[in-house]
Structures are given as structure tokens and as C-alpha cells.
Number of protein chains: 2
Amino acid sequence: MATIREIAEKAKVSPGTVSFVLNGKGDQMRISIKTQEKILKIAKDLGYLPSISARRLRNSEAINIPFITILWTLDTRASLISRFLQGLQHKTLFKSNQFEILIQPYENGKLSELESLRTGNKYNGAIIANASDKDLQYLDNANLKVPIVLYQRHSDKYSTVNVDSKKTGLDVASFLHIKGIKKVGMVIPNLSSQAVARRSQGFIEGIETLGMDNTIIKNGDFSEKGGYEAMEALIKASYPLPEALFFLSDPMAVGAISACHEYGVRIPDDLKIIGHDNDEQTPFTTPALTTVHLPVEEMANACVKQLMGQINQTISTPSNERFETKIIERKSC
Amino acid sequence: MATIREIAEKAKVSPGTVSFVLNGKGDQMRISIKTQEKILKIAKDLGYLPSISARRLRNSEAINIPFITILWTLDTRASLISRFLQGLQHKTLFKSNQFEILIQPYENGKLSELESLRTGNKYNGAIIANASDKDLQYLDNANLKVPIVLYQRHSDKYSTVNVDSKKTGLDVASFLHIKGIKKVGMVIPNLSSQAVARRSQGFIEGIETLGMDNTIIKNGDFSEKGGYEAMEALIKASYPLPEALFFLSDPMAVGAISACHEYGVRIPDDLKIIGHDNDEQTPFTTPALTTVHLPVEEMANACVKQLMGQINQTISTPSNERFETKIIERKSC
DNA sequence: TTGTACGCGTTATCAT
DNA sequence: ATGATAACGCGTACAA
């Protein structure tokens, strides 16, 4: 709140003197001890906070490096952000110092409350990681000042980096069909997500086209715990288990495997399980988890490249970059 | 690189006009279409990048909010950063908008190359997540302009948020001793980390004091893969397995469990396993992993609070805040 | 020690 | 109808 000029006024010295003292150059500039102490005390009393913006503005003999922000919701799966950042580590994107990364959390559905997207006074571009349908609707009507890239979402207005989630669902259905499976199920985390919705839709469509039986289970939590509880409920229910279950996130599948061990359900003999994401831990479950590889790291890279292109004005029309998912067959299915 | 004034010069208009046009207020301000197009073209040709610093400086009728940066090495375990950020989500730290989070990666051992710690022109304070011994040595002699907090490290010069890693090692040794175990082993990731070194040291000391046998295995990788490979090598070696193994990270323990299943080593009957961190997945391994709970989330909070205190100048002397680890007993040991 | 110009974008006031 | 001028925000550094 307090500025150097305010401090200068109170201390009856010039702004320059205050700057020198606060930067530890007091002795070097031969400012008297008394003055220095006075200045330091006033700064402390006023809770002086140096303005980074002013410093940057002034000191930037260096180049003006763009700020990129990652907008992610507080309920985003933890592993996403870490894989996302890991993706940026490679390809020397980070090391090249072409941009700075800012993390901006926001509440699901409240993207509209983020003034900074409209004023553009916090970053040069934004990657929006997990927009809910409500947020997407806001974006469709909004007039933003900064370029954005949507991760794992579709849009006609903005650039996106995405996979064909519907195709993924179809692929999984087909994968199960080829194995001769007739009765299948899907466990869906209970959240408003375009990707999850399309994946489910594709799966259901595939199931129906291929003439298989389907059970859908909704569960509130995409974590290990959610998967465990969904699996437990299924086991305890009176009707028999399907032959295979598709979990829409790997942590859920991991939780489910645990529940199966607990209740004596053998995988893959009694029940086959397939997850989604190809998280780092999945080759090491018992049995190793068959899952859908989501190229998060590559997509993270693509997001940054897209965004940098827009920021540098070398890209002007929104593009939809699409990556391929791939089923990684291991032991669980 | 290019500024509004440069564009103005080339377009033979005033800076204000350029600003209006680039912000989409051209029509509103009744700037002629031709002028607008000219300005936009020049801006594009020059690759104009708005200076966020200048915007912030100008627009901040709002308060000056401190920037906090998280300095993390490119080889930091991925789960750390995600649990760290998760920790900040709670306690409404994030939501309160008291600060902004910047992510700054750096190469292990090259903290000294980060100019921003000395110039203070990028952030008001830094949390250093995984300083190597070399980095700590640099910090000990350095004269920084911004306050810092060290996570999981000890220092007499700076504030730290830490656990007693040596005590953790002792605790684990004692825990195993109480179970009547005589022959134990420890699998250590091969990296220069104060925390890992102290944990090992405590464990070895405990083992010796309690008169147990010890085997130490060094492995290059703290991931699931590293644990799997270490375990595989142990199983294939000619000498018999110890009764219990202490893995210095949970992912390693998860990998080891997988290897045990693969080779028919029964846990906990043939071999007991204890991990470290209490990562989210550990209750869901088979058998559930006994591990040491590291309160990452609480520590993350403490880091921010410490740092904010220093930034606001309400805290001036470095403090060492210490948290407790706790053994979470499950089925694997 | 002081005075002051500077870095850059914004915007209210003023001028054809 | 079209646009110019200049003050401002805040810390820094050079000349005096």
C-alpha cells in the first residue's frame, strides 16, 4: 500500500534515498545511520510492499517476457496439474525462458468472476484447464482481452487442444467387444465436464451399436476413494457384476482394484477393469491396469505453443488441435 | 519488444490512439477504420506485446498484491508440487486473493543462476522447494533481495518449514524393532537431498542402536519404476531378502509391491514394506501400504504464512517451523 | 543526500 | 468526425 514517496514524505527525505536504503545500498550511498533507521522503521510501520510491476517496468533493460497463466479449478484432479507442468518441463520450453508461468485458481463455474480475463492486466494469455459447461457458456459470450486456449474442451470461438473423447468411448466399447465381452459397465465421476460427457456418450453409443449390455454407475468422486466406494457398492448389490468395468479416471480404477482384492473379486477373471489417463502408477497395480493413454504432456506443450503463437500474433485464427488417445493393454483387461 | 509509442510513431498517430485501437475501443473513440487497420497491422508486424507490468502499474487502483514464487527443480517428484498446491487450496489461502502464485523452475544445483533472487524484480518472496546441497551452500553465502522460505531443509540463516527427518528414520527403525524384526533394509533414491540423507542417517543409527541387521540399496530413481527395479534386483540376487524394507518414497514402494507380486514374494508374510510420504494412492495398494505421513499440505500452508509474514514485515527473524511425521500402519508392515 | 527523468500503457481533457 | 496532449502509477539511477 505504502509507496516509496509516502515513506520519503514521512521521513522528510527524498524518494531516492528511501529506495537506496530499502535496497541495502544505504551505506554505499553514505546515508547516515540515523536516516536509515528512520526509513526502515517507517517502512515497517507502513507495511511497505515494493511494487514488482514498477520494478519490472523500470529494470527491464531485459525483454518483455509474456506471462502465461494456467487457470485451474480447485476441484481439478491433482495429478492433472502435475502432469501438465511436467509436460512443460520437456522440450526445453521452460528452460528457454520464453514466458513465465502464473497459477490462477478459480472456482468451478465462476470463471466469469475473473476480472483479469477482461482487463488483461495480469497476464498475456491463459490456458483454461477444466472449464465447466457454465464456464464455457460464459466464454462463448464474453469479450476477453487476452488470448486463451482451452484444454480438453471444444469450442468454435477459441483455440483448443483436445482429444476426440467420443471416439475414445467408442474405442473402449469396441476393445471390449473384440474380447467377446457382453455385459459391461461404466463408472462416471459426478462432475460437469465436456470431456467426461463425450467419453460416456461414445461408450454408450458403442455399446448399443455392438449389442452389449450396459450398466452405468455415477459416483461423486474421481479419486481412488470414489472408485473404491463405487466398486464396493456394486459388489454388495444383489445383482451380479458385469464382465468388465470402464472407469473414467485411473485413480478410480486403482480404488476399484483395491476393493476387488478386499472382497475377493479376481481381476481379470471375475471382472475386467479398464481405466483412463495412463497415470504414472498404472503399470504398477496388481494386476497392471489396462487404461487409455491421454497425452497430457504433449497437450500441455501444444497449449503453450498455441498460446504463444496468439500472443506473438503469428497465429490469429482459432484452431482445434486434436491428439490421439490410445488403449494401453496390460493385465487387468 | 515494441511499445505503443513505437507503433504510434510508425503510424504517425499518438500513443493514446494506439492504445484505444489495440484495446478494441477504436470505434467507441471514433478512430477511423483506416487508422485502426494501419495500427493493427503495424502492431502485428512488430509483434507487439503489451507490458503487463505497465498495465498493472497504471490500473492498480486496486491494492498491490504480493507475488509469491515457488522455486522447484525440474527433477522434483511430480506428486510433491501437486500436493503442495493442494495444500494451498485449503484454508482459503488461495481464495482470499492475498497473493499471486508464480511457478519458477530451475535446474538442480543452479539456483545461483537465478538473477531474480538477487534483483527482486520478479516476486516479493520465494518458497524454495528442493534445494540441493550445492544450492544451500550458495544460499548460505548469498545476499538476496527477497525473503525466502526453505521447504524440507534446515538453515540457520533462513526461515524453514521442515520435519525432523532424522527422527523419522529413528521412528521407523523403532517401529520395525517393536515388531520383532531383525533383518531390515532401506532403499534410497540416488539424489542429493538433505531430507533423504537425514532420514537415512536416522534409520541407520536406529538400526545399529537396536542391534538389527541392515542392507542399504541405492537406486537412481524415486519413482515407481525405480522401486520396481530395485526390488527386482534384490529378489534376483542370491542372498535372502531381509524381513522388512523401508522405501524412502511411496512411489518406490508401490513399484516394489508390484515387483513382489510379479515374483511371488508375499507381503507382508515374506517381506514387509514401509513407504514414506503417505501419498493419496497408498491406502489402495494391495496390501495397503504402511507409510510415514509427511504433512505436505500443512507445510505448504506454513511456507506461505511464513513468507507472507516476512513480506509484510511482521516477521523479521528467521524461524524453523517443525512438523511431525507419523507412521500410518496399514497392511504391508 | 536531492531532484528528476525514465519505463509503458491508460484515460481524462482538450483541439481541430 | 478524428485525434492529440499530458498526467499518472511507482521504483530506479544518474547528475548535481
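Here the structure is a predicted model, which is why all the values come from computation and not from measurement.

Cut-offs used in this document
Residues numbered from 1 in each chain as written. Chains lettered and ligands numbered in written order. Predicted model: local features only at pLDDT ≥ 70, side-chain atom pairs only at ≥ 80, totals over all residues. Heavy atoms only, no water. Helix = DSSP H or I, 4+ residues; strand = E, 2+ residues; numbered from the N terminus. Rg over C-alpha atoms; globule rule 2.2 N^0.38 Å. Buried < 20%, exposed > 50% of the residue type's maximum accessible area, 1.4 Å probe, protein only. Contact = heavy atoms within 4.5 Å. Near = heavy atom within 4 Å. Polar contact = N/O pair within 3.5 Å; in protein donor to acceptor, adjacent residues only side chain to side chain. Nonpolar A, V, L, I, M, F, W, Y, C, P; charged D, E, K, R; others polar. 1 Å grid on protein atoms, 1.4 Å probe; cavity = no way out; pocket = protein on both sides within 12 Å on 5 of 7 lines; lining within 4 Å. Points joined across faces, edges and corners; volume = space filled by probe spheres on them. Buried area = accessible area lost by both parts, 1.4 Å probe. Salt bridge = Lys/Arg side-chain N within 4 Å of Asp/Glu carboxyl O. Expected span 1.5 Å × (residues − 1). Least-squares fit on C-alpha atoms with pLDDT ≥ 70 in both.

Q: Hey, could you run me through the overall build of chain A in this one?
A: On a plain count of helices and strands, chain A comes out with 12 helices and 12 strands. On C-alpha atoms alone, chain A measures out to a radius of gyration of 26 Å, which is more than a quarter above the 20 Å that the 2.2 N^0.38 rule sets for 333 residues. Seen along its three principal axes, the alpha-carbon backbone of chain A occupies a region of about 85 × 45 × 35 Å. Here chain A holds 333 residues, and the buried ones make up 56% of them. By sequence separation, contacts in chain A at least 24 residues apart represent 71% of the contacts at least 6 residues apart.

Q: What exactly am I supposed to notice about the protein's contact with DNA strand C here?
A: The environment of DNA strand C is formed by 27 residues, the closest being Thr17(A), Met29(A), Ser32(A), Arg58(A) and Arg58(B). Of all atoms in DNA strand C that approach within 4 Å of the protein, 58% are sugar or phosphate atoms. Within the backbone of Ile4(B), an N or O atom sits 2.7 Å from a phosphate oxygen of DNA strand C. Note that a phosphate oxygen of DNA strand C is positioned 3.2 Å from one of the side-chain N or O atoms of Lys25(B). For the surface near DNA strand C, the elements supplying multiple residues, two or more each, are α4 (52-59) of chain A together with α1 (4-11), α2 (15-22) and α4 (52-59) of chain B. With four residues, the single largest contributor to the surface near DNA strand C is α4(B). Residues of the surface near DNA strand C, tallied by class, amount to 11 nonpolar, 10 polar and six charged.

Q: Would you take a moment to explain the layout of surface pockets for this structure?
A: Approximately 1,600 Å³ is the volume attributed to the second largest pocket. Along its surface, the second largest pocket is lined by 50 residues, and Arg56(B), Ser60(B), Ile63(B), Asn64(B) and Ile65(B) are the ones closest to its centre. Mapped by element, the contributors of at least two residues to the lining of the second largest pocket are α1 (4-11), α2 (15-22), α4, β2 (100-106) and α6 (116-119) of chain A together with α4 and β2 (100-106) of chain B. Examining the composition of the lining of the second largest pocket, we find that five residues originate from one element, α4(A), more than from any other. Taken together, the residues of the lining of the second largest pocket break down into 21 nonpolar, 15 polar and 14 charged.

Q: Can you help me understand the environment of Pro251(B) in this one?
A: Residues and elements named next belong to chain B. Along the chain, Pro251 turns up in helix α11 (residues 250-263). Exposure remark for Pro251: the relative accessible area of 7% places this residue in the buried category. A sequence separation of 29 residues divides Pro251 from Phe222, and the C-alpha atoms of the two residues are 6.8 Å apart. Discounting residues that sit within four places of it in the chain, Pro251 has contacts with Arg77, Phe222, Ser223, Glu224 and Asp279.

Q: Is there a simple way to explain the interface of chain A and chain B in this structure?
A: Interfaces are frequently sized by the accessible area removed from exposure as the parts join. Residue-level contacts link 62 residues of chain A with 62 residues of chain B. Across the chain A to chain B interface the summed buried area is about 5,700 Å²; carbon plus sulfur atoms make up 59%. The largest per-residue losses of area from chain A upon contact with chain B belong to Leu49(A), Phe284(A) and Gln313(A), which jointly make up 12% of the total buried on that side. Linking chain A to chain B there are two salt bridges.

Q: Even after reading the chapter, I still don't get helix α12 (residues 296-311) of chain B, so can you show me in this structure?
A: All names here are of chain B. The end-to-end C-alpha distance of α12 is 22 Å, a good match for the 22 Å that 16 residues give at a rise of 1.5 Å each. Within α12, 13 of the 16 residues are buried, which leaves it mostly tucked inside the rest of the structure. Once α12 ends, the next one or two residues include Gln313, with phi positive near 60 degrees.

Q: Is there a simple way to think about helix α5 (residues 78-89) of chain A in this case?
A: Side chains three or four residues apart in an α-helix point the same way, a direct result of the helix having 3.6 residues per turn. All names here are of chain A. The terminal C-alpha atoms of α5 lie 17 Å apart, and with 12 residues this matches the ideal 16 Å at 1.5 Å per residue to within 8%. Most of α5 sits out of view: 10 of its 12 residues are buried. Residues of α5 that are buried: Ala78, Leu80, Ile81, Ser82, Arg83, Phe84, Leu85, Gly87, Leu88 and Gln89.

Q: Where do I start with the relation of the copies chain A and chain B in this structure?
A: Each copy of the chain is related to the other by a rotation around an axis and a translation along that axis. The two copies are related by a screw operation: chain A maps onto chain B through 180 degrees of rotation and 0.0 Å of translation along the axis, at an RMSD of 0.1 Å. The superposition of one copy onto the other is thereby described by a two-fold rotation axis. Mapped onto chain B, 100% of the interface residues of chain A again fall at the interface, so both copies present the same surface.

Q: So what exactly am I meant to see when it comes to unusual backbone geometry here?
A: The general pattern is negative phi for most residues beyond glycine and trans for most peptide bonds. Residue Pro268(A) follows Ile267(A) across a cis peptide bond; omega there is 5 degrees. For the bond from Thr286(A) to Pro287(A), the omega torsion is -5 degrees, close enough to zero to count as cis. As for its placement among the helices and strands, Pro287(A) is situated in the loop between β9 (272-277) and β10 (290-293). A positive phi angle is found at Lys12(A), which is not glycine, with a value near 55 degrees. With phi around 130 degrees, Asp277(B) is a residue other than glycine that occupies positive phi space. The topology assignment puts Asp277(B) in strand β9 (residues 272-277). Residue classification places Asp277(B) among the buried positions, given a relative accessible area of 4%.

Q: Mind showing me how you'd approach the pattern of salt bridges here?
A: Pairing is possible between side chains that carry opposite charge, provided their charged atoms lie close to one another. Applying the stated criterion across every chain, the model contains 26 salt bridges over all chains. Its salt-bridge partner being Lys166(A), residue Glu205(A) comes within 3.2 Å of it at the nearest N-O pair. You can see Glu205(A) sitting in helix α9 (residues 194-209) and its partner Lys166(A) sitting in helix α8 (residues 165-178), a full 39 residues away along the chain. For Lys166(A), a relative accessible area of 30% translates into the label partly exposed. A salt bridge links Lys179(A) to Glu329(A), with the shortest nitrogen-to-oxygen separation between them at 2.7 Å. Placement of the pair is Lys179(A) in the loop between α8 and β6 (183-189) and Glu329(A) in the segment after β12 (326-328), with a sequence separation of 150 residues. Lys179(A) gets classed as partly exposed once you look at its relative accessible area, which sits at 34%. For Glu329(A), a relative accessible area of 48% gives the class partly exposed. Salt bridges sharing common partners tie together Arg56(A), Glu100(A) and Lys122(B).

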